[in-house]
Amino acid sequence: MTKRIIIAGSGFAGLWAAISAQRAITLADQESDIEVLMVSPSPHLAIRPRLYEQSLENMNPDLSPLLNAIGVKHIAGIVEYIDENKQEVQIKESDGKNTIIAYDRFILATGSTAFLPNIPGLFQYAFNVSDLAGAKELEQHLKGLAQKPFSTARNTVVVVGGGLTGIETVTEMPERLRNILGSNDNLRIVLIDSSKEIGNAMGNTAATVVQEAFTEMGIEGKANVVVTALDSSGVTLSNGEKIESDTIIWTAGMRAHPLTAQISGEKDHLGRVLGDSFLHAPAAKNIFVTGDTVKAATDEHGNFTVMSCQHALSLGRVAGHNAAAELVGLPSHAYSQPKYVTCLDLGAWGALFTEGWDRQVRIVRDEAKKVKQEINTVWIYPPAPDREAAFAIANPDYIIVQ
Ligand SMILES: Cc1cc2nc3c(=O)[nH]c(=O)nc-3n(C[C@H](O)[C@H](O)[C@H](O)COP(=O)(O)OP(=O)(O)OC[C@H]3O[C@@H](n4cnc5c(N)ncnc54)[C@H](O)[C@@H]3O)c2cc1C
C-alpha cells in the first residue's frame, strides 16, 4: 500500500464514506495501492434514529462482514488527535494502546452528541436517547418502574425539547408506559418546549397535526417555558411550576462531535465545520468533513444540511468518493441534495410525512407510519455483505428519497 484514507466513525456517514471510497478505488483498479481504514469504538452501526422506540433490538448491526467483503480495514478505538500539518491521527485503541497513523486523506465522520447546558441537576437526573448507552439506561429505568409502588412521580414522564427527537420520544411514551405499568390510569406524559407552540419545529401546518396527535393521546404540551432545575423529585420550570417525575428525558439540542474543534476553519453555532461543495474542510489540507460534523449547502436556494440520517447517508457517499477520487484521478463530485422530506413518528397515532423545507404535509396516520417503518427498518440499515451489491448503491449521486 502506498496511500491511506482514514475515516473516523462507523455511523451512517462513515459507513457510506468507506463503501463509496472503496468503490472509487476499485473503479480505478487501485485496490493494491490505497488502503481504506475505518476507526471507531467498534465495527457496528448504531441506529440512532430509532433510539426513541420501545424495543432496542437490532439497533447496533455488526458491520464486520460487510467491511471484510469490500476490503475496508477497521481499528477498534477512538481518534483523539488530528495533526493537520503532519497528516497523522493519534488513536487510542480499545485495548488502551496509543497509535499514530499517517493519512493521505482524512474523513471526519464522528457525528454529534447531546448538548447539556449548565442547568442544576441535569447531568445527574436526566436520561437521553442520543446514543445507544443512553437509550439502554432509559429502557432499564422504565422497566424498573413496574417494581415501584404507585406515585405521581412514577407515573409521570417529562420529555424536554420539542424538536423532532423530543416529539418522537414523547409520543412513544403513552403506549410504552402502559406496557410497563400495565394500566392506563393516572399516567401523565408531558413535553416541555421553549418555542411558542408545540410542533413549531415542524412549521405551522405540520404543527397542527402534531397537536392533534397529542390531544388524541392525552399528551400535555407545555410551550414557551424552559427547565430551570432538576432534582430527585422532578423538574422546575421557568414559570415556577414544579412537575413531580421519576423520568425526565433531555432531547433539547445537539452539538457536533468535539473533534471538529481540532479542524482549522469556520464553524457554525452547532460546532459543525463549514464544508465546501466537495465536503473539504476548506482551511485544512486533505481533510473531509461529513455527516453531523459538516454544514454544507444542499442546493442553490440557501438551504443547508441538518443533523440527520437523511443527509448523512448522502454526505458520506460524497466525502468517501471525493477522498478516493483525488487519490486515483477520478472526477470529484459536488454535494447536492435538493429534495428534503421528514417522516415524524407519532406513536400509536401514526406518523406525519412532509415534503420540502416548508414541510408541506403529504400523508399522515397509518399511511405515513408505513413509510416510517420502511425507513426505520430497511432504508437506513447497512447493505448485505455483498461487494457488488454495496458498490451498486454507493455512487456519490445515489438518491435514497426520489
Ligand atoms: C432519537 C433520534 C432520532 C432521530 N431521528 C432521525 C430521523 O427521523 N431522521 C433523520 O434523518 N435523522 C434522525 N436522527 C439523527 C441521525 O441519527 C443523525 O443525524 C445521524 O446518526 C448522523 O450520522 P453520522 O454518521 O454523522 O453520525 P453518527 O451516526 O452519530 O455516527 C458517529 C460515529 O462516530 C463514532 N465516533 C465517535 N467518536 C469517535 C472518535 N473520537 N473516533 C472515532 N469514532 C468515533 C461513533 O461511535 C459512531 O460510529 C435522529 C437521532 C436521534 C438520536
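Residues numbered from 1 in each chain as written. Predicted model: local features only at pLDDT ≥ 70, side-chain atom pairs only at ≥ 80, totals over all residues. Heavy atoms only, no water.

Enquirer: Explanation requested: the sheet that holds strand β6 (residues 105-108) in the structure shown.
Expert: What holds strands together in a sheet is hydrogen bonding between their backbones, with the strands either parallel or antiparallel. Taken in spatial order, the seven strands of this open sheet run β5-β4-β3-β2-β1-β6-β18, and their pairing is mixed. A single partner strand is all that each edge strand has here, and the edge strands are β5 (98-102) and β18 (287-289). Pairs of neighbouring strands in the sheet enclose a mean axial angle of 35°, with direction left out of account. In the sheet, β6 pairs with β18 via three bridges, with the strands oriented parallel. Bridge pairing in β18 links Leu 108 to Val 289. Against the sheet, helix α1 (residues 12-27) touches β1 (3-8), β2 (34-40) and β6, its axis set at about 175° to β2. Here helix α7 (residues 309-328) sits on the sheet and contacts β1, β2, β6 and β18; the angle it forms with β6, its principal contact strand, is near 175°. (Pairing = 2+ DSSP bridges. Helix = DSSP H or I, 4+ residues; strand = E, 2+ residues; numbered from the N terminus. Axes fitted to C-alpha atoms, helices over the stretch in contact; angles between N-to-C directions. Contact = heavy atoms within 4.5 Å.)

Enquirer: What is the right way to look at the packing of aromatic side chains in this model?
Expert: Aromatic ring pairs are defined here through the distance separating the ring centres and the angle between the ring planes. For the structure on display, the rule yields two aromatic pairs. On the basis of an interplanar angle of 35° and a centroid distance of 5.5 Å, the ring pair of Tyr 103 and Phe 106 is categorised as tilted. Phe 106 carries the same exposure label as Tyr 103, and that label is buried. Relative to Trp 357, the ring of Tyr 340 lies with its centre 3.9 Å away and its plane at 10°, an arrangement referred to as stacked. (Phe/Tyr/Trp six-rings, centres within 6.5 Å; stacked < 30°, edge-to-face > 60°. Buried < 20%, exposed > 50% of the residue type's maximum accessible area, 1.4 Å probe, protein only.)

Enquirer: Would you mind going over the domain arrangement of the chain with me for this structure?
Expert: For interface size, the figure often reported is the accessible area lost on association. Considered domain by domain, the chain is made up of domain 1 (3-114 + 254-339 + 385-392) and domain 2 (122-250). For domain 1 versus domain 2, the distance between C-alpha centres works out to 33 Å. Among the residues domain 1 hides against domain 2, the three largest losses belong to Leu 51, Tyr 52 and Gln 54. Together they make up 61% of the total. On the surface where domain 1 and domain 2 come into contact, there are zero salt bridges. In this assembly, domain 1 and domain 2 are joined by five residue pairs in polar contact (both at pLDDT 80 or more). Per-class residue counts for the side of domain 1 that touches domain 2 are seven nonpolar, three polar and two charged. (Domains from an automatic or database assignment. Buried area = accessible area lost by both parts, 1.4 Å probe. Salt bridge = Lys/Arg side-chain N within 4 Å of Asp/Glu carboxyl O. Polar contact = N/O pair within 3.5 Å; in protein donor to acceptor, adjacent residues only side chain to side chain. Nonpolar A, V, L, I, M, F, W, Y, C, P; charged D, E, K, R; others polar.)

Enquirer: Even after reading the chapter, I still don't get the packing of helix α4 (residues 132-145) against helix α5 (residues 164-181), so can you show me in this structure?
Expert: Packed helix pairs are specified by the crossing angle of their axes together with the interaxial distance, meaning the distance between the axes. The contact between α4 and α5 brings their axes to 8 Å, and the two run at 50°. Between α4 and α5, the crossing angle belongs to the class labelled oblique. In the crossing of α4 with α5, the sense of the turn from one axis to the other is right-handed. Contact with α4, carried on its side by Leu 138, Glu 139, Leu 142, Lys 143 and Leu 145, involves Met 173, Arg 176, Leu 177, Ile 180 and Leu 181 of α5 and no other residues of that element. Considered class by class, the residues forming the contact of α4 with α5 number seven nonpolar, no polar and three charged. (Parallel < 35°, antiparallel > 145°, perpendicular 65-115°, else oblique. Left-handed = near helix turned anticlockwise from the far one by under 90°.)

Enquirer: Any chance you could explain the packing of α5 against helix α6 (residues 204-217) here in plain terms?
Expert: In the contact formed by α5 and α6, the axes pass within 10 Å of each other and the chain directions differ by 25°. The orientation of α5 with respect to α6, classified from their angle, is roughly parallel. Considering how the two elements wind past one another, α5 and α6 form a crossing that is left-handed. Between α5 and α6, the residues in contact are Ile 167, Val 170, Thr 171 and Pro 174 and Val 210, Phe 214 and Met 217, respectively. Here the residues of the contact of α5 with α6 are counted per class, giving six nonpolar, one polar and no charged.

Enquirer: Please explain the pattern of salt bridges as it appears in this structure.
Expert: Oppositely charged side chains may form a pair once their charged atoms are brought near each other. Considering all chains together, one arrives at 22 salt bridges under this definition. In this structure, Glu 220 and Lys 222 form a salt bridge, with 3.7 Å as the shortest nitrogen-oxygen distance. Residues Asp 268 and Arg 272 are paired through a salt bridge, measuring 2.9 Å at the closest nitrogen-oxygen approach. Under the relative-accessibility criterion, Arg 272 is labelled buried at 5%. When salt bridges with common partners are traced through the structure, they connect Arg 188, Glu 220, Lys 222 and Glu 241 into a single cluster.

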